[in-house]
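Next come the chains, spelled out residue by residue.
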Amino acid sequence: MLSTREIKQRIRSISSIKQITRAMEMVAASRLKKVESRVVASRAYTERMHMVLNHLVSTLEKAHPWFAEKGQEVSVIKAILITGDKGLCGAYNNNIIQKVVRFMKAQSDKKVRLILIGKKGYQYFSKGIYAPAIEEYIPESVEKLGYSRVQAIAAQLINGYDRNAFGELHIFYTKFHTVMQSFPTSMRLLPIEKDIFESKEKSGGEYIFEPSAEQIINHLFPKFIETRLYQCILESLTSEYAARRVAMIAATENAGEMIEELTSTYNKARQEAITKELLEVVSGAEALVR
């Protein structure tokens, strides 16, 4: 059994950890509030662009080259993985990493090339059998990855797809739902699935396009890829802060429970020591009387 001195040291050490986890929980809550407003705004923008494209695509006489073609042979697939730069956020990083691992195993007959955003994903895939699959690592912090950088990444990927450097582009991210719920999600960015623009809702009225609908689509499709990529980054970042907040709340509560248990153990040990001392004093007094 631990001595009272050792128990007091453990209580002090756990109390310090509790203060740290509490501070980290408050920081995560503050950042979550800021990023959550951005992800909600990005969803509204993406949905509005989707509505515009939905109407434009319905006017096309022939399919756009970026739409999926059934039976198309694909030998090289690019996959963008978005993880966090830090840990202490529960299973957030591991869940999305394992989703990519399962995807790579399912596509074992094809070459999967990874584009990694976030240190945790790079740390996992840079070791072992998956290291050769890494094509690019984006060194910038996920939190500081601005829209201009996302535009450059998207332009590079679109250029590679147009040159037939790869056949498909997938993105793996964590979709934010609530503070308590986030879902590891995958999406195919290229080729675009035409089904997503085949809405049953018809826009009211007829439109005259100037320039032509084809020219507008050629301009908007790259923007659509950019905004989707940026939205996925914001979704993942929001999910990370939510996961870290939940993890730090749990850690703070666990630290409090440990402190209570150790305090109870300390009080019992102290009471036993006092009782033992009293017995020794009583026994010594009785010996003198005899």
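Everything discussed here concerns the structure shown above.
Residues numbered from 1 in each chain as written. Predicted model: local features only at pLDDT ≥ 70, side-chain atom pairs only at ≥ 80, totals over all residues. Heavy atoms only, no water.

Asks: With reference to specific residues and values, describe the overall build of the chain.
Replies: A tally of regular secondary structure across the chain gives 5 helices and 5 strands. Ordering the α and β elements of the chain from the N terminus gives α-β-α-β-α-β-α-β-β-α. Taking 2.2 N^0.38 as the reference for a compact globule, 290 residues should give roughly 19 Å; the C-alpha atoms of the chain span a radius of gyration of 29 Å, well beyond that estimate. Buried residues in the chain amount to 39% of all 290 residues. Taking the intrachain contacts of the chain between residues at least 6 apart in sequence as the baseline, contacts between residues at least 24 apart amount to 78%. (Helix = DSSP H or I, 4+ residues; strand = E, 2+ residues; numbered from the N terminus. Rg over C-alpha atoms; globule rule 2.2 N^0.38 Å. Buried < 20%, exposed > 50% of the residue type's maximum accessible area, 1.4 Å probe, protein only. Contact = heavy atoms within 4.5 Å.)

Asks: Pulling in residues and values, what's your account of the packing of aromatic side chains?
Replies: Per the counting criterion, the structure on display carries 6 aromatic pairs. Here Tyr147 and Tyr230 contribute two aromatic rings whose centre-to-centre distance is 5.2 Å and whose plane-to-plane angle is 85°, an arrangement assigned as edge-to-face. Of this pair, Tyr147 sits in helix α4 (residues 147-162) while Tyr230 is found in helix α5 (residues 213-289), placing the two residues 83 residues apart along the sequence. What makes Tyr147 partly exposed here is its relative accessible area of 27%. Here the aromatic rings of Tyr161 and Phe166 are separated by 5.8 Å at their centres, their planes lie at 50°, and the arrangement is tilted. A relative accessible area of 4% means that Phe166 is categorised as buried. Taken together, the aromatic side chains of Tyr124, Phe125 and Tyr130 make up a single cluster linked through ring pairs. (Phe/Tyr/Trp six-rings, centres within 6.5 Å; stacked < 30°, edge-to-face > 60°.)

Asks: Before we move on, could you go through the nonpolar core and cite the residues and values that matter?
Replies: Ile80 and Ile171 are the most contacted members of the largest nonpolar core, which totals 46 residues. Elements represented by at least two residues in this core include exactly α1 (4-57), β1 (76-82), β2 (111-117), α4, β4 (168-176), β5 (182-190) and α5. When residues of this core are assigned to their parent elements, the largest contribution, 14 residues, is made by α5. If near-sequence neighbours (up to four positions away) are discounted, Ile80 is found in contact with Ile115, Ile117, Leu157, Leu169, His170, Ile171, Phe172, Leu189 and Leu229. (Core = buried A, V, L, I, M, F, W, Y, C linked by side-chain atoms within 4.5 Å.)

Asks: Residue-level account of a negative patch on the surface, with values.
Replies: A cluster of acidic residues, Glu253, Glu257, Glu260 and Glu261, forms a negative patch at the surface. One can find Glu253 in helix α5. (Patch = residues over 30% accessible without salt bridge, like charges linked within 9 Å, V, L, I, M, F, W, Y side chains within 5 Å. Areas by Shrake-Rupley, 256 points an atom, 1.4 Å probe, with all protein chains shown as cover. Salt bridge = Lys/Arg side-chain N within 4 Å of Asp/Glu carboxyl O. Lys, Arg positive; Asp, Glu negative; His and termini not counted. Charge placed at Lys NZ, Arg CZ, Asp CG, Glu CD.)

Asks: Lay out the sheet that holds strand β3 (residues 134-138) in plain terms, naming residues and giving numbers.
Replies: Here we have 5 strands laid out as an open sheet, ordered β3-β2-β1-β4-β5, and mixed in their pairing. The sheet terminates laterally at β3 and β5, the two strands that pair on one side only. Averaged over all pairs of adjacent strands, the angle between strand axes in this sheet comes to 20°, irrespective of strand direction. Where β2 meets β3, 4 bridges bridge the pair, whose relative direction is parallel. Following the sheet pairing, Leu114 is matched in β3 by Ile134. Its contacts with the sheet put helix α2 (residues 92-106) on β1, β2, β4 and β5, and the angle it makes with β4 is roughly 155°. (Pairing = 2+ DSSP bridges. Axes fitted to C-alpha atoms, helices over the stretch in contact; angles between N-to-C directions.)

Asks: How would you sum up the pattern of salt bridges? Please name residues and give values.
Replies: Summed over all chains, the structure comprises 11 salt bridges. Note that Arg43 and Glu235 form a salt bridge whose closest N and O atoms lie 2.8 Å from each other. Of the two residues, Arg43 sits in helix α1 while Glu235 sits in helix α5, which places them 192 residues apart along the sequence. Salt-bridge contacts for Glu240 lead to Arg244; the nearest nitrogen and oxygen are separated by 3.1 Å. Taken together, the residues span about one helical turn, with Glu240 and Arg244 both in helix α5 at a distance of 4 residues.

Asks: I'd love a proper account of the pairing of β1, names of residues and values included.
Replies: Judged by how many residues are buried, β1 sits mostly within the fold: 7 of 7 residues are covered. Side-chain alternation along β1 places Val76, Lys78, Ile80 and Ile82 on one buried face and Ile77, Ala79 and Leu81 on a second face that is also buried. In this sheet, β2 lies alongside β1 in parallel orientation, the contact comprising 7 bridges. Opposite Ile77, over in β2, you have Val112 as the bridge partner. Relative to β4, β1 is paired through 5 bridges, and the arrangement is parallel. Each bridged residue has a counterpart across the sheet, and for Ile80 the counterpart in β4 is Ile171.

Honestly, it's all geometry; don't read function into it.
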